[in-house]
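Structural overview
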Amino acid sequence: MKQNKVVFPLIIVLLLIFLPCSIYGIYYQSVMQKEKGNPEHLHKFENKLYYYDDNDKLKGIYECKTATCDTALTQIEDEYLKYYEGANNQLGIIADEYVLIQDGEVINLYNLKTERTITEFTLIKNYGTTLENNGLIVRNKDGNYGLFNINQITFVIEPQYHFMGLSNHMVSEEISTERIAVKESENWYIINRDNQKLSSPSIYPIYDYDKTYIYHIDQNNNYLIYLYDGNIVLPGVTIKKIDSFDNIHVLLNSSGQVLIYNYEFTEIISRYSEFGKYYDYKIEDNKVNIYDGNSMVDSYKVVGVE
């Protein structure tokens, strides 16, 4: 009986010592076996993608289903929005153990630790830069758009829209997600990050927006300005081109006149018009430069150029 009292505690102690060592040994042998398959630590080797951390330690392996698979590139497919024109990019490892992998027509959100695909997309979009609050616009296999948080690996807005995009409005060098342009069925409107509708729906695509106005494009490529409640601004004016800033709006009408309005659209600050001449403008170096043909005739300082 006394012998058993000594043996059982000894067995428990030995198990506590050797069991973790055995588990670690099996894990280490598994990792080493994987490493032997790619001795030069190439990203793609023998139809597999290898992912390493900053210390060149293997994080995980993805086995490709197609010959062209690789870390997914972001894309910009916006047709109407005035968006930030960044270059398509790869996100790399996100949230320490996930990666977005393009394999054929599908983008897999893949967990490197469990070696499992969590969900599938057909498009990811960040306009080649960073979206506010770790956002990423995604499109699922059904063609619906949503907003995804790449740090929390969860949907902020579940995929449900036929389009989702962001205008070129920056907050601390990130694209603001405070307001989001969406299309649902045939209607376009603005929502917030909580998926609440902020504006009245319109059949016309959204070109731009700010805190007060929404700028649409009609079937003739003319611009329409609306308040969020659906009331039109400058009715009867055919706008061929428009840019808005924190202090002014500048627009070109169908008669070749360049008009500069105050932000509230209650006053025309400057008007550039002359019979037989067709004026235009360009945004250059924080200024609106007014042109008559190739000759610059005036310049106006603006606030809020992005």
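Everything here concerns the structure above.
Residues numbered from 1 in each chain as written. Predicted model: local features only at pLDDT ≥ 70, side-chain atom pairs only at ≥ 80, totals over all residues. Heavy atoms only, no water.

Notes on unusual backbone geometry
Although it is not a glycine, N47 sits at a positive phi angle of roughly 60°. Here N47 shows up in the loop between strand 1 (44-45) and strand 2 (48-52). Positioned with a positive phi, E173 is a non-glycine residue whose angle comes to about 65°. You can see E173 is positioned in the loop between strand 12 (170-171) and strand 13 (174-175). (Helix = DSSP H or I, 4+ residues; strand = E, 2+ residues; numbered from the N terminus.)

What about the sheet that holds strand 26 (residues 295-301)?
In spatial order, the strands read 24-25-26; together these three strands make up an open sheet with antiparallel pairing. Each edge of the open sheet is held by one strand with a lone partner, namely strand 24 (279-284) and strand 26. When strand polarity is set aside, the average angle formed by the axes of neighbouring strands in this sheet is 25°. (Pairing = 2+ DSSP bridges. Axes fitted to C-alpha atoms, helices over the stretch in contact; angles between N-to-C directions.)

Considerations on the pattern of salt bridges
Overall, the coordinates contain 11 salt bridges when judged by the stated rule. Between D78 and K125 there is a salt bridge, with the nearest N and O atoms lying 2.8 Å from each other. Of this pair, D78 sits in the loop between strand 4 (70-71) and strand 5 (98-103) while K125 sits in strand 7 (residues 116-125), and the two are 47 residues apart along the sequence. Judged by relative accessible area, K125 falls into the buried class, the value being 0%. Each of the salt bridges in this network shares a partner with another, and the network as a whole consists of E77, D78 and K125. (Salt bridge = Lys/Arg side-chain N within 4 Å of Asp/Glu carboxyl O. Buried < 20%, exposed > 50% of the residue type's maximum accessible area, 1.4 Å probe, protein only.)

Considerations on the state of the cysteines
Under the definition given, this model contains one disulfide. Covalently, C64 is tied to C69 through a disulfide, its sulfur atoms 1.7 Å apart. Residue C64 is classed as buried on the basis of its relative accessible area of 7%. (Disulfide = S-S within 2.5 Å.)

Some points on the sheet that holds strand 2
Sheet architecture is open: three strands sit in the order 1-2-3, paired in antiparallel fashion. For this open sheet the edge positions go to strand 1 and strand 3 (58-63), each flanked by a neighbour on one side alone. When strand 1 meets strand 2, the two strands line up antiparallel, connected through two bridges. Each bridged residue has a counterpart across the sheet, and for K44 the counterpart in strand 2 is L49.

Quick look at the packing of aromatic side chains
What the rule picks out here adds up to 14 aromatic pairs. Taking 5.8 Å as the distance between ring centres and 35° as the angle between the ring planes, the aromatic pair formed by Y83 and Y127 counts as tilted. Of this pair, Y83 sits in the loop between strand 4 and strand 5 while Y127 sits in the loop between strand 7 and strand 8 (135-140), placing them 44 residues apart in sequence. Y83 gets classed as partly exposed once you look at its relative accessible area, which sits at 25%. Classification of Y127 as buried rests on a relative accessible area of 0%. Each ring, one from F163 and one from W188, has its centre 5.5 Å from the other, and the planes form 45°; the classification is tilted. (Phe/Tyr/Trp six-rings, centres within 6.5 Å; stacked < 30°, edge-to-face > 60°.)

Focus: the pairing of strand 9 (residues 145-149)
Counting buried positions along strand 9 gives five out of five residues, so the element sits mostly inside the fold. Looking at chain direction, strand 8 and strand 9 are connected through five bridges and run antiparallel. What sits directly across from V138, in strand 9, is G146. Two successive antiparallel strands, strand 8 and strand 9, enclose a turn made up of four residues, where G143 displays a positive phi of approximately 85°. In the sheet, strand 9 pairs with strand 10 (residues 154-161) via four bridges, with the strands oriented antiparallel. Bridge pairing in strand 10 places F148 opposite F155. Between strand 9 and strand 10, which follow one another and run antiparallel, lie four residues, and I153 among them has a positive phi close to 50°.

Quick word on the side chain of N262
Along the chain, N262 turns up in strand 22 (residues 258-262). Side chain to side chain, N262 and T266 meet in a polar contact 2.8 Å long. Apart from the residues within four sequence positions on either side, N262 is in contact with N247, I248, H249, E267 and I269. (Polar contact = N/O pair within 3.5 Å; in protein donor to acceptor, adjacent residues only side chain to side chain. Contact = heavy atoms within 4.5 Å.)

Comments concerning the pairing of strand 3
Where strand 2 and strand 3 come together, five bridges link them in antiparallel fashion. Looking at the pairing, K48 lines up with E63 of strand 3. Hairpin remark: strand 2 followed by strand 3, antiparallel, with five residues in the connecting loop; positive phi at D56, about 65°.

Interpretation in functional terms is not warranted from these geometric data alone.
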